[in-house]
Amino acid sequence: MQTITLEVNKANVYDEVAKTTSYEGAKIQDDDKAYDRIFTTDDDRMMLERFWVEACNTITDEFKDYLVDVSEQSVSHGVDLSKNYTAKLELTSRYDSNLTDSINASLFSYFVAAIAGKWNRFVNKQGVENYINDAQAALIDVKSKIYYRKKPTRKVPTA
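This structure is a prediction, so every number in the text was calculated from the model and none was measured. (Residues numbered from 1 in each chain as written. Predicted model: local features only at pLDDT ≥ 70, side-chain atom pairs only at ≥ 80, totals over all residues. Heavy atoms only, no water.)

(A) Structural detail: the overall build of the protein. Within the protein, the regular secondary structure consists of five helices and three strands. Counting from the amino terminus, helix and strand elements in the protein follow one another as β-α-α-α-β-β-α-α. Projecting the C-alpha coordinates of the protein onto the three principal axes gives extents of approximately 80 × 35 × 20 Å. Classification of the 159 residues of the protein by burial places 38% in the buried group. (Helix = DSSP H or I, 4+ residues; strand = E, 2+ residues; numbered from the N terminus. Buried < 20%, exposed > 50% of the residue type's maximum accessible area, 1.4 Å probe, protein only.)

(B) Expanded view of the sheet that holds strand 1 (residues 2-8). Spatially, three strands are ordered 1-3-2 in an open sheet, and the strand pairing comes out antiparallel. Taken across any chain shown, the strands that pair with only one partner, and hence form the sheet edges, are strand 1 and strand 2 (67-70). Looking at each pair of strands side by side, their axes are set apart by 15° on average, direction ignored. Here strand 2 runs beside strand 3 (residues 85-91); their pairing, made up of three bridges, is antiparallel. (Pairing = 2+ DSSP bridges. Axes fitted to C-alpha atoms, helices over the stretch in contact; angles between N-to-C directions.)

(C) Spotlight on the pattern of salt bridges. Evaluation of the coordinates by the stated rule reveals nine salt bridges. Note that lysine 10 is salt-bridged to glutamate 49, the shortest N-O span being 2.6 Å. One end of the pair, lysine 10, is in helix 1 (residues 10-27); the other, glutamate 49, is in helix 3 (residues 45-62), with 39 residues separating them in the sequence. Taken as a pair, lysine 10 and glutamate 49 share a single burial class, namely buried. Of the charged contacts, one joins lysine 145 and aspartate 141 as a salt bridge, the two residues approaching to 2.7 Å between their closest N and O atoms. With lysine 145 and aspartate 141 both in helix 5 (residues 128-147) and four residues apart, this pair spans about one turn of that helix. Within this structure, Asp15, Asp42 and Arg45 form a network of salt bridges that share partners. (Salt bridge = Lys/Arg side-chain N within 4 Å of Asp/Glu carboxyl O.)

What follows is the structure, encoded as structure tokens:
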């Protein structure tokens, strides 16, 4: 067995959600108020906090069979940007540890898309489906890498 640590930086996710929603709002041509409505600001982080916790809970549920430890992510009355999502998983010895960085990158994408999708339910219903599809694709990517097993190597006996 081998243990891996997955970590998603909350502040980086919120920054990426802000960039994504800013770009989305700016690209809508036929709505003068789209940018102000869609772009997530620091003032919106209280609402995003709930979406963050929901994304953490989804990931924790997906990998509960492998969990050794997971960071606490409770809904609070404030936003603590230092509360990153961290999960330690115990995987088979045939897990390919070269995939861990890629899993972390896909997890980051999952968090951004999941949060942006939930945000869009309030501010831009047309954007919801694309974000939800992106989040699902990122989650499938994470799962395929965690479940992937290296082929066993045969040791040739020496004479």
